[in-house]
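Next come the chains, spelled out residue by residue.
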Amino acid sequence: MPAEPPGAPTDSPAAGNRAALEAARKLAERVCAGERAAISQALNAVDDNRESHRETRLALLDAVAPHARGVRIGVTGAPGAGKSTLLDALVSGLRARGRSVGVLAVDPSSQRTGGALLGDRMRLSSTARDAGVFLRSLAARDQLGGLSEVTGPSLDVMAAALDYVFVETVGVGQSEAQVIDVVDTLVFVAQPAAGDLIQFMKAGILEWPDVFFVNKSDLGDVATRAAAELRAGLDLGHRRDPDRVPPVLRGSARDDLGIDGLIDALDEHTAYLAGKGDDGARRQEGRVARVEHALSARYGRFGLDQLRGGSLASRVRDAGAVSVERIVYDLGREIEAALRAGGSTGGA
Amino acid sequence: MSSIESRPERDRPWMFRTYSGHSSAKASNALYRSNLAKGQTGLSVAFDLPTQTGYDSDHPLSRGEVGKVGVPICHIDDMQVLFDEIPLEKMNTSMTINATAAWLLSLYIATAERQGTDQGALRGTTQNDIIKEYLSRGTFVFPPEASMRLTSEIVSYTVDHVPNWNPMNVCSYHLQEAGATPVQEIAYSMANAISILDVVRAMPEVDDDTLSRVFGRISFFLNAGIRFVEEMCKCRAMNLLWEEIGRERYGITNEKMLRLRYGVQVNSLGLTEAQPENNIIRIALEALGVTLSKKARTRSLQLPAWNEALGLPRPWDQQLSLRTQQILAYETDLLEYGDLFDGSHVVEGKTAALLEEARNELQTVLDMGGAVTAVENAYMKQKLVESQTERLRAIESGDMTVVGVNAYEEAVDSPLVEEGAGSILKVDESAERDQIASLEAFRNRRNTADAEAALKNLEDVIKNGGNIMAPSIAAAKAGVTTGEWSQVLRDVFGEYRAPTGVVAAPVAEASEDVSQVRKRVDELSETLGRRLKILVGKPGLDGHSNGAEQIAVKARDVGMEVVYDGIRLTPQEIVQSAQDEGVHVIGLSILSGSHCVLVTDVVDQLKAAGMGAIPVVVGGIIPDDDAEQLETAGVRRVYTPKDFDLTRIMDEIVDVVAESNAG
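Calculation criteria
Residues take numbers from 1 onward in each chain, read along the sequence in its written order. Think of it this way: whatever chain is written first is A, whatever ligand is written first is 1, and the rest follow in order. Where totals are concerned, whole chains, interfaces and linings use all residues; where local detail is concerned, this predicted model gives features only for residues with pLDDT of at least 70, and gives and counts side-chain atom pairs only at 80 or more. The way it works is that DSSP assigns letters per residue, a run of H or I at least four long becomes a helix, a run of E at least two long becomes a strand, and they are numbered from the N terminus. C-alpha atoms define the radius of gyration, and 2.2 Å times the number of residues to the power 0.38 defines the globule rule. In this scheme every C-beta is placed from the backbone, and a residue whose C-beta has 20 or more other C-beta atoms within 10 Å is buried, one with 12 or fewer is exposed, and one in between is partly exposed. In this description, a residue-residue contact is defined by the distance between C-beta atoms placed from the backbone, which must lie within 7 Å. The convention used is that axes are lines fitted to C-alpha atoms, helices contributing only their stretch in contact, and that angles between N-to-C directions extend from 0 to 180 degrees. Note: crossing handedness is left-handed where the near helix turns anticlockwise from the far helix by less than a right angle, and right-handed where it turns clockwise. Residues are grouped as follows: Ala, Val, Leu, Ile, Met, Phe, Trp, Tyr, Cys and Pro are nonpolar; Asp, Glu, Lys and Arg are charged; all remaining types, including Gly, are polar. To form a nonpolar core, buried Ala, Val, Leu, Ile, Met, Phe, Trp, Tyr and Cys residues must be joined through C-beta atoms within 7 Å. Here the rule is simple: two strands pair whenever DSSP picks up at least two bridges between them. Here the expected length of a helix is defined as 1.5 Å per residue gap, with one fewer gap than residues. Here is the rule for angles: anything less than 35 degrees is roughly parallel, anything more than 145 is roughly antiparallel, 65 through 115 is roughly perpendicular, and the remaining ranges are oblique. The pLDDT value tells you how sure the predictor is about a given residue, anywhere from 0 up to 100.

S.K.: Pulling in residues and values, what's your account of the overall build of chain B?
M.R.: When helices and strands are counted, chain B shows 26 helices and 15 strands. For chain B, whose C-alpha radius of gyration is 25 Å, the value lies close to the compact-globule estimate of 26 Å for 663 residues. Seen through its principal axes, chain B has C-alpha atoms that stretch 75 × 70 × 50 Å. Out of the 663 residues belonging to chain B, those deemed buried represent 55%. Sequence-distant contacts, at least 24 apart, represent 79% of the contacts inside chain B between residues at least 6 apart.

So, in structure tokens, the structure goes:
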């Protein structure tokens, strides 16, 4: 059941609120200029769930949304596949190319207590911990095994300031389905142990990634075989983008082998998306999915059905270059109003 | 009553050692000579953290650490001064050195040569156990594979060239300090020894005879806690398991080579800051555990000082520990008997039970691929963190009695600590400056071309897969420094960050106190708008991460979001992490005694970055005077070993954050 609708009085911003909005816009400017302290402050603001802070948060996200040009990359794979090591190597490789990098590490464990231990997976080496690298860890909080709700907006903030933003998740199935909504490119790190891949194929996870990286190529034949199996599996199975067969690369993150090729493959995918001429269809799909996910979590399927004025996709497109969170908020108000009026269609 | 004359023949006592070294080679040499004059029979060298982690005294990371927890050794002249007028031919020297073991052994061999002693005559031990550095002590430098290579090369070199040297001292000591139960101590140290022996066995130059000699030279370094009956049984169980491994896994048949040889330093973990004189008794009882049973008697013993939890012990404090050993060995009748426990059903039953459990746990580790895998996947680390968490819970709840800490707290003041700052040793603040000056002078007087050629040769040999020892000894003679030698290895092998192992620690059953703090964290998080987030940081070179890990786990258990990036971070990295992560409070842990320099540095850099409002709390072995100095510098709370109640610390951290965010 939907929560109590928020009271109406906040509709017209008071003078203090206007000042807060102005501050939010200024902060967004500093974020876009890549100022480290500003990125941190903006991420704190995005995470601030006080009702009194809502307008500031939305204004900030609206202001960064059109500038979120950085490439968002998800890195996924089973525990032990070497994601952290690969991320470390990727960050170092991108730094060597002079790019700025952000890493958002989402801790998958969720505790009743709300507490979380973060950071252990970000064992970046000293070369990857320079001033051009920004690291933030997030707890998944109530989203067991999935992504925290603030993952999307946090990435939006970081992508407005940095060339590349990585989000690291653990391959347990549910998180992949969510991470594709917030990234432009999904990398799957496979370890060359037979059995693993079959599990992933069964779970349908292999239809999402845009690039595959078979790690630990020093294992020799096993790695070659794993890569071949993957290629065969990709030819047979479903793919998210039927026009493109994702490349299967091999290398060893630990020995820094194949990392340059992986960076090139990431850039190729970015160029591929830009060259499709579909006006950023993938990002748009992601925005629609995020809006749908947030609204159905809050109001249920019944609530979503209250929306009028075309499909959800068209409502999101019509909203323009504002933040996903703004759209969620506005549509949420519509749903609440419809529910207050008694709800129309469907219903049991 | 038996007269002196009619006393039966006595066994030779174990070797008496005291782990020591501080400030400079000269000051440490004076200390060693005075200890030997008092009846100490072997030396145990403590190196400072820069030396242990391969940095010269003038490296930025060495700041505040030079001469603190041990002696700084940058080059051969330092080593020569350290053993001035101590004939190495006659000495048995134990060196607590791991990542840079090959280098310090090379300096030792080169120094002996200067004294006119051939390496073949040297006796002693290099600790050379990297696995436990990853798990507990934190002075690792290189990745596991490279570390295994270094260790095994030292082993294969010494077995032929320095035959009386113990090239590797497998340490279960630090596992117990990290919380290990007796079963874990046995299982993980055996897994560790196996990981090296397997590598040595695979070396082309190692035949069956060499392997047998290598097996016989591997020694152990054990801990002994206050539950001294169980500890004695632990030693007996280790004897049995080691022999079993020798016979079954390595096919060793020579009885002499199969015998487990070990030294002991008794437990520091259980020494208390409250009523510290009680530690004198604890130390004596712990010494009993490893000497009472002839079959499980240690070969050498180091006793800590009673006031270790307060700060660095003075020479008098160390003397008291030596006297404890001497009384046990020379006054009591302990050494007049055979094994007191042979035929004891109780002792045999307990030993068998420990052996059985340890064998199973060892098999678990071997099944997952051995000790190196169990480091990389953090299995052993997680187990240790779990055990430590349970131990601290038991102390907090009173399930485990610690006299003077959670029971019988009512006491009169101890006259032993009345002097305040005077009752511990203060390292001379000029030691670091003097050491850097002497290092510069050394660099100026050496032949630079020789040093450079030796470094080049070292690099070539390593890259071509040759043994590290010969080019290292040549480098020692050519005037290469500790930092230069290590840098060559860093460049070839890379550096490693070990898993912290805290992530998977299970959430403890909440006591009423914990629930209370959890509620306060929830409420404060509501007010702050997002969940209370804390950074737990370990600045500097100190790798003893057990305390920081327990704080991190407890903070998680009371509902905080915790950022913990492990050890050896510069103040600048900590400040950057605090900024990136948007934390509300920073907790720093330092046990090396360099707290004043490093903490002040963090506080200053926070202010410079516009984050002066983020409160900082500090934990460590921090004398009262230093605590005052830190509080003046802006630190909000200072915790010392007497603050064992982690839940109360969390409660105070909530206060600190609330105060900082009020209004």
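S.K.: Residues and numbers for the overall build of chain A, please.
M.R.: Along chain A, the regular secondary structure elements total 12 helices and 8 strands. The buried share of chain A, reckoned over its 348 residues, is 46%. Here the contacts in chain A between residues at least 6 apart in sequence split such that 76% fall between residues at least 24 apart.

S.K.: Before we move on, could you go through the packing of helix H18 (residues 448–463) of chain B against helix H20 (residues 482–493) of chain B and cite the residues and values that matter?
M.R.: Residue and element names in this part refer to chain B. One way to put it is that H18 packs onto H20 with a least axis distance of 10 Å and a crossing angle of 35°. The chirality of how H18 crosses H20 is right-handed. Residues Leu455, Leu458, Glu459, Ile462 and Lys463 of H18 lie in contact with H20, whose contacting residues are Glu484, Val488, Leu489 and Val492. Partitioning the contact of H18 with H20 into residue classes produces 6 nonpolar, no polar and 3 charged.

S.K.: Explain the nonpolar core to me, and be specific about the residues and the numbers.
M.R.: Within the largest apolar cluster, 259 residues are counted, with the highest numbers of intra-cluster contacts made by Leu60, Val64, Leu104 and Met158 of chain A together with Ile534 and Val562 of chain B. Element by element, the count of residues in this core is highest for helix H8 (residues 182–202) of chain B, at 11 residues. In this view, leucine 104 of chain A contacts Arg136, Leu138, Thr151, Ser154, Leu155, Met158, Val165, Phe166 and Val167 of chain A; residues no more than four positions away in its chain are not counted.

S.K.: So what about the sheet that holds strand S11 (residues 533–537) of chain B? Which residues, and what values?
M.R.: Read across the sheet, 6 strands follow the order S3(A)-S12(B)-S11(B)-S13(B)-S14(B)-S15(B) without closing on themselves; strand pairing throughout is parallel. Of all strands in the sheet, those bounded by a partner on one side alone are strand S3 (116–118) of chain A together with strand S15 (637–639) of chain B. Averaged over all adjacent pairs, the angle separating strand axes in this sheet is 20°, with direction ignored. Its contacts with the sheet put helix H23 (residues 571–581) of chain B on S11, strand S12 (561–564) and strand S13 (585–590) of chain B, and the angle it makes with S11 of chain B is roughly 165°.

S.K.: Tell me about the pairing of strand S5 (residues 164–168) of chain A, and please be specific about residues and values.
M.R.: All names here are of chain A. Taking burial as the measure, the 5 residues of S5 include 5 buried ones, the bulk of the element. With burial as the criterion, each face of S5 is covered, one bearing Tyr164, Phe166 and Glu168 and the other bearing Val165 and Val167. For strand S1 (residues 71–76) and S5, the ladder comprises 5 bridges, and the chain directions are parallel. In the sheet register, valine 75 faces S5, and the bridge partner there is glutamate 168. Where strand S2 (residues 101–107) meets S5, 5 bridges bridge the pair, whose relative direction is parallel. Looking across to S5, one finds that valine 103 is bridged to phenylalanine 166.

S.K.: Please give an account of unusual backbone geometry that cites residues and values.
M.R.: Within the chain, aspartate 256 of chain A stands out as a residue other than glycine whose phi angle is a positive 60°. Mapping aspartate 256 of chain A onto the fold places it in the loop between strand S8 (248–250) and helix H9 (259–275). For aspartate 256 of chain A, a count of 15 C-beta atoms within 10 Å puts it in the partly exposed group. The backbone of glutamine 275 of chain B sits at a positive phi, close to 40°, despite the residue not being glycine.

S.K.: Would you mind going over the pairing of strand S4 (residues 133–139) of chain A in detail, with residue names and values included?
M.R.: Residues and elements named next belong to chain A. The element S4 is largely enclosed, with a buried count of 7 among its 7 residues. Neither face of S4 is left uncovered, since the one carrying Val133, Leu135, Ser137 and Ala139 and the one carrying Phe134, Arg136 and Leu138 both have all their residues buried. Pairing analysis gives 7 bridges linking S2 to S4, with the strands arranged parallel. Considered in S4, the bridge of aspartate 107 is made with alanine 139.

S.K.: An account of the environment of proline 60 of chain B is needed here, citing residue identities and associated values.
M.R.: Residue and element names in this part refer to chain B. Inspection of the secondary structure assignment puts proline 60 in the loop between helix H2 (49–53) and helix H3 (76–82). Judged by the 8 C-beta atoms lying within 10 Å of it, proline 60 is exposed. Along the primary structure proline 60 and threonine 570 are separated by 510 residues, whereas in three dimensions their C-alpha atoms are 9.0 Å apart.

S.K.: Any details on helix H24 (residues 595–608) of chain B? Residues and values, ideally.
M.R.: Residues and elements named next belong to chain B. Its 14 residues give H24 an end-to-end C-alpha distance of 20 Å, which sits within 8% of 20 Å, the value for a rise of 1.5 Å per residue. By the burial criterion, the buried members of H24 are His595, Leu598, Val599, Asp601, Val602, Val603 and Leu606. Those residues of H24 hidden inside the fold are in contact with H23, S13, strand S14 (616–620) and helix H25 (624–632). Positioned one or two residues after H24, glycine 610 has a phi angle of 75°, which is positive.

S.K.: Break down the packing of helix H10 (residues 228–250) of chain B against helix H14 (residues 345–367) of chain B for me, with residues and values.
M.R.: Two quantities define a packed helix pair, namely the angle between the axes and the distance from one axis to the other. Residue and element names in this part refer to chain B. The contact between H10 and H14 brings their axes to 8 Å, and the two run at 60°. By the angle between their axes, H10 is oblique relative to H14. Between H10 and H14 lies a crossing of right-handed hand. Seen from H10, the contacting residues are Glu230, Cys233, Lys234, Arg236, Ala237, Leu240 and Leu241; seen from H14, they are Val347, Lys350, Thr351, Leu354, Leu355, Ala358 and Arg359. Its residues assigned to classes, the contact of H10 with H14 comprises 8 nonpolar, 1 polar and 5 charged.

S.K.: Please give an account of the sheet that holds strand S1 (residues 15–17) of chain B that cites residues and values.
M.R.: Residues and elements named next belong to chain B. Taken together, the 5 strands give an open sheet; going across it, the order is S1-S10-S9-S8-S7, and neighbouring strands pair in parallel fashion. The sheet is open, and its two borders are formed by S1 and strand S7 (169–171), each paired with just one other strand. Adjacent strand axes in the sheet meet at a mean angle of 25° when their direction is disregarded. By the bridge criterion, 3 bridges tie S1 to strand S10 (residues 300–302) in an arrangement that is parallel. From the neighbouring strand, methionine 15 faces S10, where its bridge partner is serine 300. The strands that H8 touches are S7 and strand S8 (219–224); relative to S7, the one it contacts most, it runs at about 145°. Strands S8, strand S9 (262–266) and S10 of the sheet are contacted by helix H12 (residues 278–289), whose axis makes an angle of about 160° with S9.

S.K.: Can you tell me about the environment of glycine 286 of chain A, naming the residues and giving the values?
M.R.: Residues and elements named next belong to chain A. Residue position: glycine 286 is located in helix H10 (residues 281–304). For glycine 286, a count of 20 C-beta atoms within 10 Å translates into the label buried. As for glycine 286 and valine 182, which are separated by 104 residues in sequence, their C-alpha atoms are 6.1 Å apart. Aside from chain neighbours lying at most four places away, what touches glycine 286 is Asp181 and Val182.

S.K.: Kindly report on H10 of chain B, identifying the contributing residues and their values.
M.R.: The end-to-end C-alpha distance of H10 of chain B, which contains 23 residues, comes to 32 Å, matching closely the 33 Å that a straight helix rising 1.5 Å per residue would cover. Just downstream of H10 of chain B, glycine 251 of chain B is the residue with a positive phi angle, here 65°.

S.K.: Outline the confidence of the model for chain A, listing residues and values.
M.R.: Residues and elements named next belong to chain A. A residue-level look at chain A finds 81% of positions with pLDDT of 70 or above and a mean pLDDT of 82. Mean pLDDT across the secondary structure elements of chain A bottoms out at helix H7 (residues 196–202), with 65, and peaks at H9, with 95. Considering only residues more than four positions removed or in separate chains, one finds that residues 1–13, a stretch of pLDDT under 50, has 11 contacts.

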